[in-house]
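Inside the fold
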Amino acid sequence: MFEFAIFFFFAAIAVIFALVVVLHHNPVVGALALVASFFALAVMYVLLEAPFLAALQVIVYAGAIMVLFLFVIMLLNLQHRREEPTRPVQQFLGYTSSAAFLIGLVYYIVKYAAFEALPNGPFNSDARAIGIELFQSYIFPFEMVSILLLAAIVGALLLSARSVGARAQ
Amino acid sequence: MIPTHYFLILSAILFSIGVCGVLTRKNGITIFMSIELMVNAVNLTFLAYARQFHQLHGLIFVFFVMAIAAAEAAVGLAIFISLFHHRETIDVDEANLMHW
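So, here is what we can say about the structure in this document. (Residues numbered from 1 in each chain as written. Chains lettered and ligands numbered in written order. Predicted model: local features only at pLDDT ≥ 70, side-chain atom pairs only at ≥ 80, totals over all residues.)

When helices and strands are tallied, chain B shows three helices and zero strands. Taken from N to C terminus, the helices and strands of chain B fall in the order α-α-α. Dimensions of chain B, computed from C-alpha atoms along their principal axes, come out at roughly 50 × 25 × 20 Å. Within chain B, buried positions represent 52% of all 100 residues. Considering only contacts within chain B whose residues lie at least 6 apart along the sequence, 44% involve residues at least 24 apart. (Helix = DSSP H or I, 4+ residues; strand = E, 2+ residues; numbered from the N terminus. Buried ≥ 20, exposed ≤ 12 C-beta atoms within 10 Å, placed from the backbone. Contact = placed C-beta atoms within 7 Å.)

And the structure:
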């Protein structure tokens, strides 16, 4: 019962702050609301018996990625800029199609994915189990991801440095 | 224990909010944040199914998705900085440099 109370409380927080991200006109408020939503999702990960990934969610997403977002928003000084609203047709189509998508998804989840019972026994998903799996079965994708991150660093540097250099000339 | 489909429905709600943000906003960074929201909704689905079937593969996938989201954020924000230096805006309707 206590678990359900925690689930519904943090689910409400996640959904409300996600709505703030989408509806608020100031991107700084949006980024901070997204951080709050990610914290609520980290609580969900703990409820799903994945404490290691909950820690990663807080450190990587709420800590690193969102700081990058806030840094760029403040670097470009976007918080004082008026965003023009999209066309009414686009607004209408966006809201109705996403609502229809949600209704369809929930219908099929309730129809086909409402599992009766969870398997018995504790689910061992701590950092040790994940590490063993990662460095035995998934060692090749792991190395590929490291190369991808290196390529992303070089690409980000090239993209932003070239525009700064072009401006200085 | 909370049933799996509660998490799936929460994930569906968050994903739809992200879709709505991508379809209705013009600010490039807000659209990017909506995409991050959708990525997180999918992560929640992966973890819900990982617990349902007692498989570690879902957790490994979430790990990789986080790494790729970090790479995507770095490159995407660099593109927005570059666009801002060219156009003085990050309105995605103005981003038509590659338009024929």
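Take the packing of helix H1 (residues 2-23) of chain A against helix H2 (residues 28-53) of chain B next. Here H1 of chain A crosses H2 of chain B at 155°, and the two axes come no closer than 9 Å. When the axes of H1 of chain A and H2 of chain B are compared, the pair comes out roughly antiparallel. As H1 of chain A packs across H2 of chain B, the resulting crossing turns out to be left-handed. Where H1 of chain A approaches H2 of chain B, its residues Ala18, Val21 and Val22 of chain A are matched on the opposing element by Met33, Ser34 and Leu37 of chain B. Counted by class, the contact of H1 of chain A with H2 of chain B contains five nonpolar, one polar and no charged residues. (Axes fitted to C-alpha atoms, helices over the stretch in contact; angles between N-to-C directions. Parallel < 35°, antiparallel > 145°, perpendicular 65-115°, else oblique. Left-handed = near helix turned anticlockwise from the far one by under 90°. Nonpolar A, V, L, I, M, F, W, Y, C, P; charged D, E, K, R; others polar.)

With 73 residues of chain A at the interface, the matching set in chain B holds 61 residues. Secondary-structure elements contributing two or more residues to the side of chain A that touches chain B are H1, helix H2 (27-47), helix H3 (51-75), helix H4 (88-112), helix H5 (127-136) and helix H6 (139-168) of chain A. When grouped by side-chain class, the residues that make up the side of chain A that touches chain B number 56 nonpolar, 11 polar and six charged.

Quick look at unusual backbone geometry now. Even without glycine at this site, glutamate 49 of chain A takes up a positive phi of about 60°. For glutamate 49 of chain A, the position within the fold is in the loop between H2 and H3. The phi angle at histidine 54 of chain B is positive, at roughly 50°, despite the residue not being glycine. By the secondary structure assignment, histidine 54 of chain B is in the loop between H2 and helix H3 (57-87).

So, on to the environment of valine 19 of chain B. Along the chain, the position of valine 19 of chain B falls in helix H1 (residues 4-24). Linking valine 19 of chain B and serine 34 of chain B, residues 15 residues apart in sequence, is a C-alpha distance of 7.2 Å. With near-sequence residues (within four places) excluded, valine 19 of chain B lies in contact with Ser98 and Phe101 of chain A together with Met38 of chain B.

Attention now goes to the nonpolar core. By size, the foremost hydrophobic cluster in this structure holds 65 residues, and its most contacted members are Met44 and Tyr45 of chain A together with Ile29, Leu47 and Leu59 of chain B. At the level of elements, H1, H2, H3 and H6 of chain A together with H1, H2 and H3 of chain B are the ones that each hand at least two residues to this core. The element that contributes the greatest number of residues to this core is H3 of chain B, accounting for 12 residues. When near neighbours in sequence (up to four residues on either side) are disregarded, leucine 59 of chain B contacts Ala50, Leu53, Ser125 and Ile130 of chain A together with Leu47 and Ala50 of chain B. (Core = buried A, V, L, I, M, F, W, Y, C linked by C-beta atoms within 7 Å.)

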